[in-house]
Structure formats: C-alpha cells, structure tokens
Amino acid sequence: MSYVRAFDEVGIDDISLVGGKNASLGEMYRRLRDRGIRVPDGFAVTADGYRHFLRAAGLDAALEANFAALDVDDRDDLAERAGRARGLLLAAELPRDLVEQITAGYQVLQREYGPEVTLAVRSSATAEDLPDASFAGQHESFLHIEGEEALHDAVRRCFASIFTDRAVDYRARHGYDQLSVALSVGVMKMVRSDLACSGVSFTLDTESGFRDVVLVTGSYGLGENVVQGLVEPDEFYVHKPTYAAGHRAVLSRRLGGKAVRMVRGEAEPVRNEPTPPADRDRFCVTDEEVLELAGAAMTIESHYGTPMDIEWAKDGTDGLLYVVQARPETVAARRRSATTTHYVVETHGDLLATGRAVGARVAAGRARIVHGVGEDAEFAPGDVLVAPSTSPDWEPLMKIASAVVTDHGGRTCHAAIVARELGIPAVVGTGDATSAIADGEKVTVSCAEGDDGRVYRGLADFHARETAAEVTTRPRTKVMLNLGNPGIAFESSFLPSDGVGLARMEFILAEHVRVHPLAALHPERVTDAGQRAEVERLVSGDGAAYVIERLAEGIGTIAAAFHPKPVVVRLSDFKTNEYAALLGGAAFEPAEANPMLGFRGAARYAHPAYTEGFALECAALRRVREEMGLENVVVMVPFVRRLDEADRVLARMAELGLRRGEHGLKVYAMCEIPSNVVLVDEFAERFDGFSIGSNDLTQLTLGVDRDSELVAFDYDERDPAVEKMIALAVEGCRRHGIHSGICGQAPSDHPEVVRTLVGLGIDAISVTPDSILAVTQTVLAAEG
C-alpha cells in the first residue's frame, strides 16, 4: 500500500488523507503554479501511514486506555496523559515499508533540487485548517532537516505531536475524539527565509472583517517569530478593487520593531539573534514584493472562494517569494452580524502601556503578570493576562482571561489570533507591559480607540453601544459619516451610510504625520533642539516624502474603506495655535489673539507663507486619486472668505495637479461664513458643491465665540437666523444644480434640525458614527 503522495498527486479534496495543510499545498502546487503562485515541491506521508505506524507498533489499545478518563479541566491530569501518549509514539519504530517510501520521496526531491537540499517537515492533521475547526499551531514542525535518518526521526516526532498538551485540550473542547483525528506529515523543500524574511498575509482586515484589503505582515528570518508573537512585524495594506483595476500601490505601511530574527543554528536547528539596527529601521520587503504577495493572496482567495490566511517566505538564496501554507481564515470572516457594537471609554486612569489594538473592545480586571506556563497558580477567571508573548501552550489560560497584554508581537501573532477567536481585547507589542504594570493591580484594556491599544490604571468608566449594521430601507437624502481617524475606517464602513461627508485631514496630520509640514521641509529652522531632533528622526532626510506618504496613507485608508462611495476630504483646517502644537510648529506659526478668525483655511492655502505646505497636501491627494486609484475622493476647501480667495486657491490647486473636472475631480467648499450664503450664486459657479459647517456658521451668524463658556447660552444652531442662512444656502445650491450637504454637529445632536434639513431638500447630511442610525431613522420618518 502507498503511504506517500507527491504534492502533484493531492488536492483540496484529500483532507482526510493528507490533512488540511498538505491538501492545500498540493492544491496550489497542481492548480495555481501557472497563475504565478510559487509553492515548494514536496510530498505527504498520509494519514494511512500514521495509522499503519500505530497498528504496527500495537499502540491503539494503549492510547485508548490512556485517554478513557481524561479530565480536560484538570491541567495536571491532561499534561500527564498527553505526555504518556507522546512517549509511546516516540519509543516506537516506523514500519520498514513506510521508511522505504519516505526515503524514495526524499530522493525525488534530491534529484529536483540537488543532493544537499534541506527539508521542512510539517505536521498536517486531518481536522486541521478547516473553517469550523482551526487546529492551526497545535502540532509540531521541524526545519532544516538533512539526511535520511534525520528525516525519519522528524516524521516520528511529528506523529507524536498529535498528542501535545494543547492539541489534546483543543480536540477535547471542540468535540473531537482523541483517536479519530489522524496526522499526515508534509515534507517539502526548505525555503531559506532564515537568510531573508517571512510572514503572514490575510485577504481581509483581521480586526474588522473588512474584505476589500489584503493585510501583509513580515519580519526577518523564519516565520515562527511572527506567528508566536516574539516580534512586532512590519504591516502593509493593499486595496483589492483598485489593484484589480490595474493600480499598483501600497495603501499603507507600518514599520515594526523586528527586534529579533530566527536563523539557522549550529548546535540546534534554529536560534534567535538580535536584528541589526539598520535592518530594524527599514521594511523587510519592498513595495514591489508587497504587491506580489497581495496579488498572490487575491489569486488564492479567488481559487478557494473564501477569505484566506496565507504564510509566505522569501528565499535568501534565490530572492524569490514562496507560499508555504494557505488555510481559510476562521475568525474575522464570520464576525459580521446584524449589529455592530462600539465601546466608548468615558473616564480613565493613568496610561500604563500602549501597543497594537486587537479586537475593538474594552475589558477591565486584575492584572496578572505571567512569564511562562506553570507560573499561573494565582490566575483567576476574569483576570487580565500580561505576558512577554504567548504560544499555543497558553490557550487554556487565555480562555479564562478577560483581556491579554503582551510585550511582543503584532496583529497576526498567536496572542492576537486567539484573542479574536475568544472575543476578548488584546494589546500586543507594548514593549514594556510586564514591567510597567504591577502584578495584581486593577487595569482597563481599551482597544476601542483606533489602531493603538491602551492599558489604563484602574477600572475606567466605559459603555457599549449597539448599532444596526444594515438599514433595509435607504432614505432619498444621503446620510453620510463624519470621520477623521483612519484607524476606525474599516470598522466604520459597516455602518449604514452613503459614504463620508467629512474626512478631516487635520486629524491625520496630528496623529499620523505629527510633524508640521514646514518643519518637515526645513528642520534646521526648528529652534527647540529636542523637537528638531525628533523631526529629523521621523523624516529621515526627506521631509516632503514623509509628509506626502503619511497623509496619503491616512486619506487613502478612509477612501478605501468606503470605496466606491464618495469620501469628501477637507483640506487641513487647523488654526495657527493648532498648527503650532505639531512637532516643530512653533517656529512657523504666528501668535494670534483670535486664531478662530485668523490665518486659516483658504487664506492660508493661497498665501506665500504656506505655499510649500499646501503643495504637500495636494501631492498627497493626487497620490490617493491617481496612484492608488481612489477617485471617490472629493476635495473640500474650508473657510473661503472671498471670491478672489476661492479663485486663487483653485488656480493653485490646478497648478499642483488638482484641476477641478479633470479625472472626475469634484471640489466642494465649506459653507460656514455668512459671505458664502450672501454670495451663494457666485460661489456656486466656482465649486461643485457646498457642505454647510453649522458650527462656524452659527458662530459667525450670531457673533458668538463657540469656545467661550460665558456666552454658550447664546450659541444655538436652531436659532431662526441660522436656519435662514442654511435655507438660503440649500436653495442656492439647488438653483445652480450643485451638491448641498451639511457636516456640522447640529444634525447629530438635534432631530428637529434633521427634519428641517429634509424639508429643505438638502442632498446629504453627514453625522458622527454614534448618531448615524438615529439620524437615518429621523430622515426616513421625515421623508414619509
């Protein structure tokens, strides 16, 4: 009987014979090679070979007796029984006929790759990598195997790993009999990523379940560090629809710490070593390689018809990228439901640690510092697990934790994957949580504030709010979102909206760029030595490239999240005091007595003092629309006081490649100054639409400082004078056939304002995410 199958002899229908991993490798090797998917050749020792091994060694009865009285909740009992089972397999000899077939398969690979070929020997359980039973990481693999004897031993050790503590626990809790699951072993050419890099790609966003992106993560050396969370990897996003349309651009990048890399050892197969500082400070793959990986991921997803979790590796000897595993993604793809839950932290204690947020949730409890399995005697259900990193051995502990915090790891590490599966928040890659947090103190873990996860001292005040993810009937009036934070864009895309009516560029400047645009261009003019050093560190010698890339990534992420729906991006509307608060900003901003009415908006863009900074904003918008292909971006100019000011800004935009009407570009203006309403007909000839900024329009119509508590009683968007201004603006837009919208706070706070706007026939109402469902219902009722 044949117990070995070459990869070109197996496919996805052979899971029961060769396990999920090998079936998928064979499927891709056979079916996708001609579509550019590069898979190392190899063979599978079948599940029949595993059963033949048990029968020949007479182990079936002993194993059945061993697990007959298993108590899965007694960790000591489970560990003892699992260890006894592994010992039985490790002490047994492989049958002669099985050894001969494995040796023959090895010799085929030697003829293909050369006699010195090294091997990766990997477990592949027959219930592994299934959509309803992810056994990923439960069994062992062995790398850099050379020689027949070492190969035979590695196969036996893989067979024994079917009874690791974590695998026994996982099967018991998921309803699998311990002997009903068999193990296949994959033997394939070793990809020498220890000389290059490796990582994991997902064909969706792992946090939100958003399916229009590919997430690529990577770090130097072998991929185990990424999977186990021992490093913070680099992260990249690629937008699928625009990639498919022919645009080859990386949507966003995030540089990871990559503190260590796993390489080939001397005394043992692998070892970790510090990553050289120069390598840590650069991405482990080029944009071209990211795009190749994204294209491969999309091809694999299309073939399988479901979101995929794909391991990749770059070979340092030939420089090529290989796919070394692909399985259905089992958590994020099933996350969407009829409602979306949003957590809001009201008040909190001191910030103790920050890292990558996993799971948009908040949890609180007693922190327990655990450095290794076996040090958890005091850990109780509901405690917050704080650890350097986690591995599959930690899963029984993680299942009773309310949250997880780690020093190391990225969003595709073990801690992150298991936290998502369990539905608990995790903050990974903090760097110092195990030292910054005291064992036993009460903490709150917040992953509901964007990309950054935060750990606060004490029990914070927070609440959860559910919003319907779908509205069966859409109103005629467009209901859109006000959004500034790219970190919540993918999650927000599931809210029932018609796009984004206000994307605030200033949020992206403050949170993602951080540096004043002119300081990035001229760091030598920054007088504060500390800030100058930080600016120079961030921009790395090319301030223009830094600002453009960061701005484009933030804008592009929001535009991609809602594509092809319109996303109205407002040019930066900071006041001088707010610009001055950016790194290096004080050296470039005047001190104004009333910045609200000062050097802001269109006046700033048309002024020689900010011409270089405005050029960077326009370059970022061009990159988003032209290179990324996100032509759903509409550009909006704020605070346009006068007609000649509008003309000068539009002319400057055209000089910088943003000419209204070219490539479908629409340019809106904020309607927030009485002059905009008084001269609505003239302004309407210059712009494609108005978005009413009710905050400033109320302030300037009533002559009330909206930042002053003393006259707050006089600030009311529902005042008849303000309502008249809004009505005149909407009527003027309709008269000229241009878009009319509103993006101020009034519709979010006051249902009567919404009803008035619908009565006026406004085209779009843009509101905050927390109010969109209520506003939509009010609009539907008003439309009758």
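Sequence positions are assigned chain by chain, starting from 1 and proceeding in written order. Under the rules for a predicted model, residues below a pLDDT of 70 receive no local features and side-chain atom pairs below 80 are neither given nor counted, while totals for whole chains, interfaces and linings still include all residues. In computing side-chain values, all of the structure's heavy atoms are included and hydrogens and water are not.

*Asks:* Got a minute to help me understand the packing of aromatic side chains in this structure?
*Replies:* Both the distance between ring centres and the angle between the ring planes are used here to describe each pair of aromatic rings. Ring pairs are drawn from Phe, Tyr and Trp, using the six-membered ring of Trp, whenever the two centres fall within 6.5 Å, and their geometry is named by plane angle: stacked under 30 degrees, edge-to-face over 60, tilted for the rest. Counted according to the given criterion, the structure contains eleven aromatic pairs. Taken together, a centroid distance of 5.4 Å and an interplanar angle of 20° make the contact between Phe-53 and Phe-159 stacked. Here Phe-53, found in helix H2 (residues 47-57), pairs with Phe-159, found in helix H6 (residues 148-160); they are 106 residues apart in sequence, far enough to count as distant. Relative accessible area serves as the criterion here: at 0%, Phe-53 is assigned to the buried category. The exposure class assigned to Phe-159 is buried, which follows from its relative accessible area of 0%. A centroid spacing of 5.2 Å and a plane angle of 55° characterise the contact between Phe-236 and Phe-283, whose relative ring orientation is tilted. Placement of Phe-236 in strand S8 (residues 234-239) and of Phe-283 in the loop between helix H10 (277-280) and helix H11 (287-304) is noted, with a sequence separation of 47 residues between them. Its relative accessible area of 27% is what places Phe-283 among the partly exposed residues. Through a chain of ring-to-ring contacts, three or more aromatic side chains come together here, namely Tyr-50, Phe-53 and Phe-159. A ring is scored as having a charge over it whenever the NZ atom of a lysine or the CZ atom of an arginine sits within 6 Å of its centre and within 35 degrees of its normal. The ring of Phe-142 has Arg-157 sitting right over it, with the charged end atom 4.1 Å from the ring centre. Comment: elements are numbered from the N terminus, with helices defined as DSSP H or I runs of at least four residues and strands as E runs of at least two. Here the term buried applies to any residue with accessible area under 20% of the maximum for its type, exposed to any over 50%, and partly exposed to those in between, with areas from a 1.4 Å probe on protein chains only.

*Asks:* Looking at this structure, how should I read the pairing of strand S3 (residues 119-125)?
*Replies:* For a regular strand, side-chain orientation follows a simple rule: the groups alternate between the two sheet faces. In terms of burial, S3 is largely enclosed, as seven of its seven residues are buried. Residues of S3 alternate between two faces, with Leu-119, Val-121, Ser-123 and Ala-125 on one and Ala-120, Arg-122 and Ser-124 on the opposite face, all of them buried. Should DSSP find at least two bridges between two strands, the strands are taken to pair. As judged from the three bridges shared by S3 and strand S4 (residues 141-145), these two strands associate in the antiparallel manner. Directly across from Arg-122, in S4, lies its bridge partner Ser-141. Pairing of S3 with strand S5 (residues 183-189) involves seven bridges; the strand directions are antiparallel. Across the sheet, Ala-120 pairs through a bridge with Met-188, a residue of S5.

*Asks:* Would you explain unusual backbone geometry in this entry?
*Replies:* Of all residues except glycine, most have a negative phi; of all peptide bonds, most are trans. A cis amide bond, omega 5°, links His-563 with the succeeding residue Pro-564. Tracing the backbone through its elements, the reader meets Pro-564 in the loop between helix H19 (543-562) and strand S25 (567-570). In this structure, Ser-540 takes a positive phi of about 50° despite not being glycine. Tracing the backbone through its elements, the reader meets Ser-540 in the loop between helix H18 (529-539) and H19. Here Ser-540 falls in the exposed class, since its relative accessible area comes to 61%. Although it is not a glycine, His-663 sits at a positive phi angle of roughly 55°. Turning to its location among the elements, His-663 is positioned in the loop between helix H23 (643-655) and strand S27 (667-671).

*Asks:* Is there a simple way to explain the sheet that holds strand S6 (residues 197-202) in this structure?
*Replies:* Paired through their backbone hydrogen bonds, the strands of a sheet run either parallel or antiparallel. Spatial strand order, S9-S8-S7-S6-S12-S13: six strands in an open sheet with antiparallel pairing. Lying at the two open borders of the sheet, with one neighbouring strand each, are strand S9 (252-254) and strand S13 (321-328). Taken pair by pair, the neighbouring strands of this sheet meet at an average axis angle of 15°, ignoring direction. Relative to strand S12 (residues 308-314), S6 runs antiparallel, the two being bridged by six bridges. Here an angle of 0 to 180 degrees is reported between the N-to-C directions of two axes, which are lines fitted to C-alpha atoms, with helices fitted over the stretch in contact.

*Asks:* Just to check I follow, could you spell out the sheet that holds S27 for this structure?
*Replies:* On the basis of which strands lie adjacent, the closed barrel formed by eight strands has the order S23-S24-S25-S26-S27-S28-S29-S30 and parallel pairing. Looking at each pair of strands side by side, their axes are set apart by 30° on average, direction ignored. Across two bridges, the pairing between strand S29 (residues 739-742) and strand S30 (residues 764-767) is parallel. Looking across to S30, one finds that Ile-742 is bridged to Ile-765. Along the sheet, helix H16 (residues 505-513) contacts strand S24 (500-504) and S25; its crossing angle with S24, the most-contacted strand, is approximately 35°. Sitting on the sheet, helix H30 (residues 772-783) touches strand S23 (478-483) and S30, and the angle it makes with S23 is about 160°. Contacts are residue-level and defined by heavy atoms, with any inter-residue pair within 4.5 Å sufficient.

*Asks:* Got a minute to help me understand the nonpolar core in this structure?
*Replies:* Most often, soluble globular proteins have nonpolar side chains that are buried together. Remark: nonpolar core denotes a set of buried residues (Ala, Val, Leu, Ile, Met, Phe, Trp, Tyr, Cys) joined through side-chain atoms within 4.5 Å. Judged by nonpolar contacts, the single largest core of 107 residues is most densely connected at Val-637, Met-653 and Ile-765. Looking at which element gives the most residues to this core, the answer is H19, with eleven residues. With near-sequence residues (within four places) excluded, Val-637 lies in contact with Leu-571, Ala-602, Tyr-605, Val-649, Met-653, Val-667, Tyr-668, Ala-669, Met-670 and Phe-687. With 42 residues, the next largest nonpolar core counts Val-117, Ala-125, Phe-142 and Phe-159 among its residues.

*Asks:* I'm lost on helix H4 (residues 75-90) in this one. Help?
*Replies:* Note on helix geometry: an α-helix contains 3.6 residues per turn, so any two residues three or four positions apart are oriented the same way. The span expected for a helix works out to 1.5 Å for each residue beyond the first. Over its 16 residues, H4 runs 22 Å from end to end, which matches the ideal 22 Å to within 8%, given 1.5 Å per residue. Asp-77, Leu-78, Arg-81, Ala-82, Ala-85 and Leu-89 are the residues of H4 that are buried. Projection of H4 onto a plane perpendicular to its axis shows the buried side chains occupying an angular sector of 125°, all on one side. Check the buried side of H4 and you find it contacts H2, helix H3 (60-67), H6 and helix H7 (165-173). Two N or O atoms form a polar contact when they lie within 3.5 Å of each other; inside protein one atom must be a possible hydrogen donor and the other a possible acceptor, and for residues adjacent in sequence the pair counts only when both atoms belong to side chains. With a side-chain oxygen lying 3.2 Å from the backbone nitrogen of Asp-76, the N-terminal cap of H4 falls on Asp-74. Directions from the helix axis toward the C-beta atoms define the arc.

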